[in-house]
Amino acid sequence: MTATTAEQLLTRVRGLLAAHPPATTPRTDFLRARFDAGLAWVHYPEGLGGLGAPRSLQAVVDAELEAAGAPDNDPRRIGIGLGMAAPTILAYGTEEQKRRFLRPLWLGEEVWCQLFSEPGAGSDLAALGTRAVLEEESGEWVVDGQKVWTSSAHTARWAILIARTDPAQPKHRGITYFLCDMHDPGVEVRPLRQITGEAEFNEVFLTGVRIPDAHRLGAVGEGWAVARTTLMNERVSIGGMRIPREGGMIAPVAAAWRERPALRTHALHQRLLELWVEAEVARLTGERLRQQLAVGQPGPEGSGMKLTFARLNQEISALEVELLAEEGLSYEEWTLRRPELVDFTGRDAGYRYLRAKGNSIEGGTSEVLLNIVAERVLGLPSEPRDDKDLAWKDLAR
Amino acid sequence: MTTPMTPATPSAPADLLYSEAEEELRTAVRSLLEARGTPAGILARIETDRPHDPALWRTLAAGIGAAGLLVPEKLGGQGASHREAAVVLEELGRAVVPTPYLTSAVLATEILLGCDTEDAVPLLRELASGRQVCVPAVPLTLAPGAPLPAAVRDSGGGTLTGTVTSVADAVAADVLLVLADTGLYAVPAASAGITPQVPLDLTRPLATVTLDAAAGTRLADPATARAAVAGALLSGAGLLASEQLGIAEWCLTETVGYLKVRHQFNRPVGSFQALKHRLARLWLDVASARAAARAAADALATQSPDAPLTVAVAQAYCSGVAVRAAEECVQLHGGIGMTWEHPAHLYLKRAKADSLALGTAGHHRGLVADFAELPAP
């Protein structure tokens, strides 16, 4: 029987909790039982961790489990798998791929990373040059190229990968989507040290990496359509979360202002108040978006929240460094580290200032997002372009 | 030293959407304004002595019932709330049509409701029904949280003397609400000297009101009067954010539409990335202004303790968005944006005047500093 109402789901959750009391059940055993009960992501099909229930009911399940002290799968650590690989595999995977990959992905047993961006293909992602060539006798694809900005590559077991399989086609048409084994001997992961001094991301070098055809996702040459599913899911998550007033980056600067009167100047006061107001309005805009989604009238505001937060984070952290005066001249430490999580508020102002610079680049640059708003929300025409019908091999690089 | 407080988020989130009833009201107001508040019609009237269109006002006030939205049914009104009044103001902002809505149906109405006395009821009924226009005789720039003016004094027995400048919509008023040292008075406009000023914003005319021993009916004692005016200024400032949203929305829509059809360099102007990014940013600002304005309207409607902060946030934010939208509208229309015949200038003038009305953004940021406990040096 499929559970599709909140009450049916709650009955199921209580059954799970009774059979596997969180206090006495090992974490992974509990998570496995939760997956098999269809309570991992309730909108997924039965047998794949779900029950085919409305997606909105997941919140009911999560709240009940949290209240019972059940362990969670720490979605922050496996975010790329959950947010990008899973929905793409669900949409385009074979039955065998779905059965093979979704369960260990959700359990966090297998961490995923995303091999999309390249040194020569960032905002113009479809220009990518990593090659995949089918070897007829073995039925395997041989991949060569370089990827960049790969979070979690050093801990990942699997990667979603897009590679060029037909350079004679225009750039969007010759791409194919693969599931790549990060333990393959041809995969080399190197930490990429950033502006903050840390290595949060990696460069990934692919040399003669062999991918069986069974790990291709979607048809040969149809990888761009598959990748768009991944990218859409990447941008969906932001904006839906509820933040309290004075949550986020404005919190430490407001606290410093209140606690340290000696730092106050009139010029900084005006800037602080402007940004405080803008942060509060951004909170309200996010709340309005959440309310629209809750009643099933998703507005285009979601396209804008990432833009707003990127700008505000940068302006607020810049103000904070200035407010701290002499202290703002110091930095916490430049030692190369590999953080597991990006944590803005637990760090110094200087770190926040530098890390926030990435907010307008990662996950789609602000310039690309402004184009998306202009074209898809406002309906403005795209700029004339001559790369759409040219073979990839003939493009200027 | 006490631990500094973080301004608490209201426990119940404000309803930031529009109800079906609000959307129906919007449709009614918009179709009236599209038919009878056209830019050409406004342009034809604004340089005459009577920029207001009394027939349009009657339909809006009485036909649609917009004048009495804030007035309880038992006092002859619609018994609606600030949320509905905000929707009317959004549409009036989109149309920049001269009507005494903000002055009569919001500010004067709130003052009369705040008088809490039987003496105010007959006037409130007249006002709610749209039979009379009543405006507060205070400068349009008077802001919530600012000291109230003491320009008018009672020269004995309710005869009032004094001069008030920049009184909005006074030329359309039947009755003036006058704040004097001895309380609040209703003064027939006919017994006051009303001298039109040349306003920056032609769609909200201003006048200097001169009282020379004018007879008034006392509606409230000084303390009640001051509290009523202060409350009205808070509501007015909160709802002005919705008018500013309407102005910004019109400017954005009109500019986007124009840039799709206007060609230069053999391309639609709207295909140039530099302009697309400006419009996308403006769209973000307008979407944010909508959330801020809705929050203010809802906080006023629910009499939330958070209302003073929410109103200050909305005013501090929406003023700038309306001005920016109107400035972008003029600039991106190119030469056409500088002509009298194109209505862009009406919106720029209204937006700029609105940014001074009921407190500037800077004044409201000062209020935010108080409420959010972010004191000046």
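Analysis parameters
Here the residue index of a chain counts from 1 through its sequence in written order. The order in which chains are written sets their letters, starting at A; the order in which ligands are written sets their numbers, starting at 1. Local features in this predicted model are restricted to residues of pLDDT 70 or higher, and side-chain atom pairs are both shown and tallied only at a pLDDT of 80 or more, whereas totals for entire chains, interfaces and linings draw on every residue. For side-chain calculations, the full set of non-hydrogen atoms in the structure is used, while hydrogens and water are omitted. UniProt positions are given in the numbering used here, feature names are shortened, and annotations may be inferred rather than shown by experiment. Per the convention used, a helix needs a DSSP run of H or I reaching at least four residues, while a strand needs a run of E reaching at least two, with both numbered from the N terminus. The span one expects for a helix is its residue count, reduced by one, times 1.5 Å. Exposure is judged per residue with a 1.4 Å probe applied to protein chains only, and the accessible area is read against the type maximum: over 50% gives exposed, under 20% gives buried, and values in between give partly exposed. Should any heavy atoms of two residues lie within 4.5 Å, those residues are counted as being in contact. By nonpolar core we mean a set of buried residues, namely Ala, Val, Leu, Ile, Met, Phe, Trp, Tyr and Cys, connected to one another through side-chain atoms within 4.5 Å. Each domain's limits were defined by an automated method or a database of domain assignments. Buried area is calculated as the accessible area (1.4 Å probe) missing from two parts once they are joined, with the contributions of both summed. By definition here, a salt bridge exists when the distance from a side-chain nitrogen of Lys or Arg to a carboxyl oxygen of Asp or Glu is within 4 Å. We call two N or O atoms a polar contact when they sit within 3.5 Å, provided that within protein one can donate a hydrogen and the other can accept it, with sequence-adjacent residues counted only if both atoms are side-chain atoms.

Colleague: Explanation requested: the UniProt feature "domain: Acyl-CoA dehydrogenase/oxidase N-terminal" (unreviewed entry) in chain A in the structure shown.
Modeller: Using the residue numbers shown here, the UniProt feature "domain: Acyl-CoA dehydrogenase/oxidase N-terminal" (unreviewed entry) corresponds to residues 28-109 of chain A. Helix and strand shares over residues 28-109 of chain A are 56% and 0% respectively, and the end C-alpha atoms of the span are 9 Å apart.

Colleague: Just checking my understanding: could you explain helix α10 (residues 344-356) of chain B for this structure?
Modeller: The α-helix winds at 3.6 residues per turn, so residues separated by three or four positions along the chain end up facing the same way. Residues and elements named next belong to chain B. In a regular helix each residue adds 1.5 Å, so 13 residues correspond to 18 Å; α10 covers 19 Å between its end C-alpha atoms and thus fits that length. A large share of α10 lies buried, amounting to 10 of its 13 residues. When α10 is considered as a whole, its buried residues turn out to be A344, H345, L346, Y347, K349, R350, A351, A353, D354 and S355. Those residues of α10 that are buried lie in contact with α2 (39-45), α4 (82-95), α7 (222-261), α9 (307-332) and α11 (361-371). Once α10 ends, the next one or two residues include L358, with phi positive near 55 degrees.

Colleague: What's the story with the nonpolar core in this structure? I'm lost.
Modeller: Grouped burial of nonpolar side chains is what soluble globular proteins tend to show. Core analysis: the largest hydrophobic core is formed by 171 residues, its most contacted members being B:Y101, B:L176, B:L177, B:L211, B:L279 and B:V368. With 18 residues, α7(B) is the largest single contributor of residues to this core. Those residues in contact with B:V368, other than ones at most four positions away along the chain, are A:L273, A:W276, A:V277, B:L309, B:A312, B:V313 and B:E373. Judged by nonpolar contacts, the second largest core, of 55 residues, contains A:Y44, A:C113, A:A156 and A:L161.

Colleague: What is the right way to look at unusual backbone geometry in this model?
Modeller: For residues besides glycine, phi is generally negative; the peptide bonds are generally trans as well. Its identity is not glycine, yet A:E246 carries a phi of approximately 60 degrees, on the positive side. Looking at the secondary structure, you find A:E246 in the loop between α6 (223-236) and α7 (250-259). When its relative accessible area of 10% is taken as the criterion, A:E246 is described as buried. A positive phi angle, near 55 degrees, is found at B:E373, a position not held by glycine. When you line up the elements, B:E373 lands in the segment after α11. For B:E373, a relative accessible area of 38% puts it in the partly exposed group.

Colleague: Just to check I follow, could you spell out the domain arrangement of chain A for this structure?
Modeller: How large an interface is tends to be reported as the accessible area lost when its parts come together. Residue and element names in this part refer to chain A. When its domains are assigned, chain A resolves into domain 1 (6-107), domain 2 (112-221) and domain 3 (227-378). Here the C-alpha centre of domain 2 lies 28 Å away from the C-alpha centre of domain 1. Each partner contributes residues to the interface: domain 1 has 12 residues there, and domain 2 has 14 residues. Both sides together, the interface formed by domain 1 and domain 2 hides about 1,000 Å², and carbon and sulfur atoms give 72% of it. Summed over the shared surface of domain 1 and domain 2, the result is zero salt bridges. Taken together, the links from domain 1 to domain 2 amount to two residue pairs in polar contact (both at pLDDT 80 or more).

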